[in-house]
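# Architecture and fold: a report
Okay, here's what each chain looks like letter by letter:
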Amino acid sequence: MLITGATEGVGKQTAIQLAEKGFSIVMMVRNKVKAEETRAEIMEKTGSAKVEYIIADLTSFKQVRAAAKKFNDKYPKLDVLINNAGLMYPDKTITEDGFELCFQVNHLSHFLLTHLVLDKLKQSKQGRIVNLSSEGHRMAKFDPTNFNAEKGYASVAQYCFTKLCNVYFTYSMAEKLKGTRITVNAVHPGVVRSGFGSDHDKGWLKPLFAISRLFMISVEQGAATSVFVASDPGLINTTGKYFKNKKVTKTTLLAHNAGNAKILWDYGVEKCGVGKD
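What you see is a predicted model, and the numbers here were worked out from it, not measured in a lab.

A sheet is described by the order of its strands in space; here eight strands give the open sequence β3-β2-β1-β4-β5-β6-β7-β8, paired in mixed fashion. Sheet topology places β3 (51-55) and β8 (247-248) at the edges, where each strand pairs with a single neighbour. Summarising the sheet, strand β1 (residues 2-4) and strand β2 (residues 25-29) pair through three bridges and their orientation is parallel. Opposite I3, over in β2, you have M27 as the bridge partner.

Here is the structure:
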């Protein structure tokens, strides 16, 4: 099982709960110190020795490609890929690859990674791809001339847009993998009490975040739906769905716009160099 962003929050709890179920865990993370600490913690809590990591910063396609090669060279198959890593950044930042940071980390790098390890998923008896989206997709707008916030940057709006991208990617990938043994589903983890969005906990947003935390769920609860979709044997034939609270939930009408989904897919193919039919 390969999980991005597994050293904190929902990703870390997802890794813990899946390790408890007996899965071998490979974390794809950017910080080696945190990776070592998390690996030791998971092993201690679960008693599992099958916890490893690969270092890669999702802001760099070069690092994603190198990490995927390491994974492919070492492991004969992949049963589950959980595209968990995500962020909401306060200021517009352009990556070394020329993309807006949130867009690259939350969508493009996972688009690239998924395709790079796809052959390993095909070696599994029943491969699964789980994409972490959000109810934030319901507030998103889709403008193909503004993927990288060319028209101005608003952190929450950009985050919501990337979560819509996660849904489009899920639906498109599920359609393209029809007839294979691989399922593709999206997950809303819930509004989780974690470090996510802490960079926004300042100024006029500080009291809003303080109040909202009173109603947030724990990271353990937040990981539950990801764990369910990744491991439940009853979902062996379930694909192209969006899950909330372990139940299939409808997405917005915009999320079912096939034209938009194709535009986004073609953009990923062009910029990442993978996924061409």
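Time to look at the environment of F147. Here F147 shows up in the loop between β5 (127-132) and α6 (155-176). In this structure F147 comes out as buried when scored by relative accessible area, which is 1%. In this structure, the C-alpha to C-alpha distance between F147 and L264, residues 117 residues apart in sequence, is 9.1 Å. Setting aside residues up to four positions removed in sequence, F147 forms contacts with F103, F142, Q158, F161, I263, L264 and Y267.

With that settled, consider helix α3 (residues 61-74). Helix length check: α3, at 14 residues, gives a terminal C-alpha distance of 20 Å against a target of 20 Å (1.5 Å per residue), a fit within 8%. Among the residues of α3, those classed as buried are F61, V64, A67, A68 and F71. Across the axial projection of α3, the buried residues extend over an arc of 125°, all falling on one side. For α3, the exposed residues set more than 90 degrees away from the buried face come down to K62, K69, K70, D73 and K74. For α3, the secondary structure elements touched by its buried residues are β1, β2, β3, α4 (101-116), α5 (118-122) and α9 (258-272).

Definitions and cut-offs
Counting restarts for each chain, with residues numbered from 1 along the sequence as it is written. The predicted origin of the model limits local features to residues at a pLDDT of at least 70 and limits the giving and counting of side-chain atom pairs to 80 or more, whereas totals for whole chains, interfaces and linings rest on all residues. Heavy atoms throughout the structure, all of them, feed into the side-chain values; hydrogens and water do not. DSSP-based pairing: two strands are paired if at least 2 bridges between them are found. A run of H or I in DSSP counts as a helix once it spans at least four residues, and a run of E counts as a strand once it spans at least two, with each numbered from the N terminus. Three labels apply to residues, based on accessible area from a 1.4 Å probe with only protein chains included: buried if under 20% of the type maximum, exposed if over 50%, partly exposed otherwise in between. We call two residues contacting when some pair of their heavy atoms lies within 4.5 Å. Here the expected span of a helix is defined as 1.5 Å times the quantity of residues minus one. It is the directions from the helix axis to the C-beta atoms whose arc is reported.

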